Amino acid sequence: MIVKEVLSEELLTLAEVKELLTKIADERREQGLEIGYSFRKALHHAELFSKISGEKSRELVNKLLELEKMKPSIAIRIADILPQSRDEIRSIYAKEKYTLSNEELDQILDYVLEAIE
């Protein structure tokens, strides 16, 4: 397939991708269409690694984006990984030019724990 131009682009969490791929797969099955190998592998990966619903993951991303030192790409990564400790969050921020205080790390952990519950 040749793509002529990108009309829009949006960052999605893995949970949102899972919901979209599941919807597309169901539609294809209803129409009697074949689901390709790479599509099935992508869906399997999303099902295997997404831990919360798409709605909860988007809520988590929106809460995280309200924080001062949060970029959209990092918020998406946190929603996908759902880190459980300060060290895991620090590893996500390893490439950034700044570090987070313990209070900021705890705030992120609180948001993640809310989303998991």
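So, here is what we can say about the structure in this document. In this text, all values refer to a predicted model and were calculated from it rather than measured experimentally.

Cut-offs and rules
Residues numbered from 1 in each chain as written. Predicted model: local features only at pLDDT ≥ 70, side-chain atom pairs only at ≥ 80, totals over all residues. Heavy atoms only, no water. Axes fitted to C-alpha atoms, helices over the stretch in contact; angles between N-to-C directions. Helix = DSSP H or I, 4+ residues; strand = E, 2+ residues; numbered from the N terminus. Left-handed = near helix turned anticlockwise from the far one by under 90°. Contact = heavy atoms within 4.5 Å. Polar contact = N/O pair within 3.5 Å; in protein donor to acceptor, adjacent residues only side chain to side chain. Salt bridge = Lys/Arg side-chain N within 4 Å of Asp/Glu carboxyl O. Buried < 20%, exposed > 50% of the residue type's maximum accessible area, 1.4 Å probe, protein only.

## Regarding the packing of helix α1 (residues 14-31) against helix α3 (residues 54-65)
Each packed pair of helices is defined by two parameters, the angle between the axes and the distance between the axes.
Then, in step 1: Packing of α1 against α3 brings their axes to within 7 Å, and their N-to-C directions diverge by 150°. Classified by chirality, the crossing of α3 by α1 is left-handed. Contacts between α1 and α3 involve A15, E16 and E19 on the former and, on the latter, G54, E55, S57 and R58.

## A few points about the environment of Q84
Then, in step 1: Mapped onto the fold, Q84 is located in the loop between α4 (72-81) and α5 (86-92).
Then, in step 2: Separated by 29 residues in sequence, Q84 and L113 place their C-alpha atoms 7.9 Å apart.
Then, in step 3: Excluding residues that lie within four positions of it along the chain, Q84 makes contacts with L109, V112, L113 and I116.
Then, in step 4: Among the polar contacts made by the side chain of Q84, one reaches the main-chain carbonyl oxygen of L82 at a distance of 3.0 Å.

## What about the pattern of salt bridges?
Once the charged atoms of two side chains with opposite charge are near each other, the side chains can pair.
Then, in step 1: Here the structure, examined in full by the defined rule, presents seven salt bridges.
Then, in step 2: Between R29 and D26 there is a salt bridge whose closest N-O contact spans 3.3 Å. Taken together, the residues span about one helical turn, with R29 and D26 both in helix α1 at a distance of three residues.
Then, in step 3: Measuring nitrogen to oxygen at the nearest pair gives 2.8 Å for the salt bridge that ties E96 to K71. Remark: K71 occurs in the loop between α3 and α4 and E96 occurs in the loop between α5 and α6 (102-116); sequence separation between them is 25 residues.
Then, in step 4: On the basis of relative accessible area, K71 is assigned to the partly exposed category, the value being 37%.

These results come straight from atomic positions and should not be treated as a statement about function.
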